[in-house]
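Topology and contacts: notes
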Amino acid sequence: MIEVEAKIKVSNPEVFRKNIKKLAKFIGKENKIDSYYTLENARNYPGKSLRIRKRKGLYEINFKQRLSYIKGVHAKNEHEFQIKNITPFLDLIKEFGFKKWLIKEKISEVYKINNNFHIELNLVKHLGWFIEIEYLTDYKGIPNARNKVLDIINKLGINNNDIVKEGYTKLLWVSKSS
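Structural notes, computed from the coordinates. (Residues numbered from 1 in each chain as written. Predicted model: local features only at pLDDT ≥ 70, side-chain atom pairs only at ≥ 80, totals over all residues. Heavy atoms only, no water.)

1. Considerations on the pattern of salt bridges
Under the definition given, this model contains 16 salt bridges. Glu 60 is the salt-bridge partner of Arg 51, the closest N and O atoms lying 4.0 Å from each other. Both residues of the pair, Arg 51 and Glu 60, count as buried. The network of salt bridges with common partners includes Glu 30, Arg 51, Arg 55, Glu 60 and Glu 80. (Salt bridge = Lys/Arg side-chain N within 4 Å of Asp/Glu carboxyl O. Buried < 20%, exposed > 50% of the residue type's maximum accessible area, 1.4 Å probe, protein only.)

2. Section: the pairing of strand S6 (residues 99-114)
In this structure, strand S2 (residues 25-38) lies alongside S6, joined through 13 bridges in antiparallel fashion. Opposite Lys 29, over in S6, you have Glu 109 as the bridge partner. Bridging between S6 and strand S7 (residues 117-124) involves 8 bridges; their strand directions are antiparallel. When the bridges of S7 are listed, Glu 109 appears paired with Leu 121. (Pairing = 2+ DSSP bridges. Helix = DSSP H or I, 4+ residues; strand = E, 2+ residues; numbered from the N terminus.)

3. Some points on the packing of aromatic side chains
The tally for this structure, following the rule as stated, stands at 6 aromatic pairs. Each ring, one from Phe 81 and one from Phe 89, has its centre 6.0 Å from the other, and the planes form 75°; the classification is edge-to-face. We classify Phe 81 as partly exposed; its relative accessible area is 41%. Joined through ring pairs, the aromatic side chains of Tyr 45, Trp 101 and Trp 173 make up one cluster. One residue, Lys 7, lies across the ring of Tyr 168, its end atom 4.5 Å from the ring centre. One residue, Lys 170, lies across the ring of Tyr 45, its end atom 4.9 Å from the ring centre. (Phe/Tyr/Trp six-rings, centres within 6.5 Å; stacked < 30°, edge-to-face > 60°. Lys NZ or Arg CZ within 6 Å of the ring centre and 35° of its normal.)

And the structure:
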């Protein structure tokens, strides 16, 4: 599946919460604690990593391959699978040289536009409030998905200059390095 997404840093979540509710249906809140693992030297920001998130009694393993960044919107090929018992998987990746390098915690308010299109208002520990607008599609649908994400950005009154290019892991890594 291809994830087409924009991330926006916001200072006043209340204003955006009201506007998001006009465009999408509130689904619920979710606490997300993600552990990131990489093969690379932890002193430098890694080019590749994988994410492990515990959700509903299962562990989600996730890897995203960057495809493009156009007009403030990322397209990433997202690979994800679930397992029940994390211990053998952690033993395996440790054997291959993976090391935990970062933990990300966020509280997400999830709003659904349709089955493959949603908005999240996220409070990310150590970083603050963000809006994520995400559309899931296939390769052929990337241009249309990008336009739909940009349309929501426009409807929310977000200035394109407020779009954040870096992912949360990069922002967290930079903040810990400074």
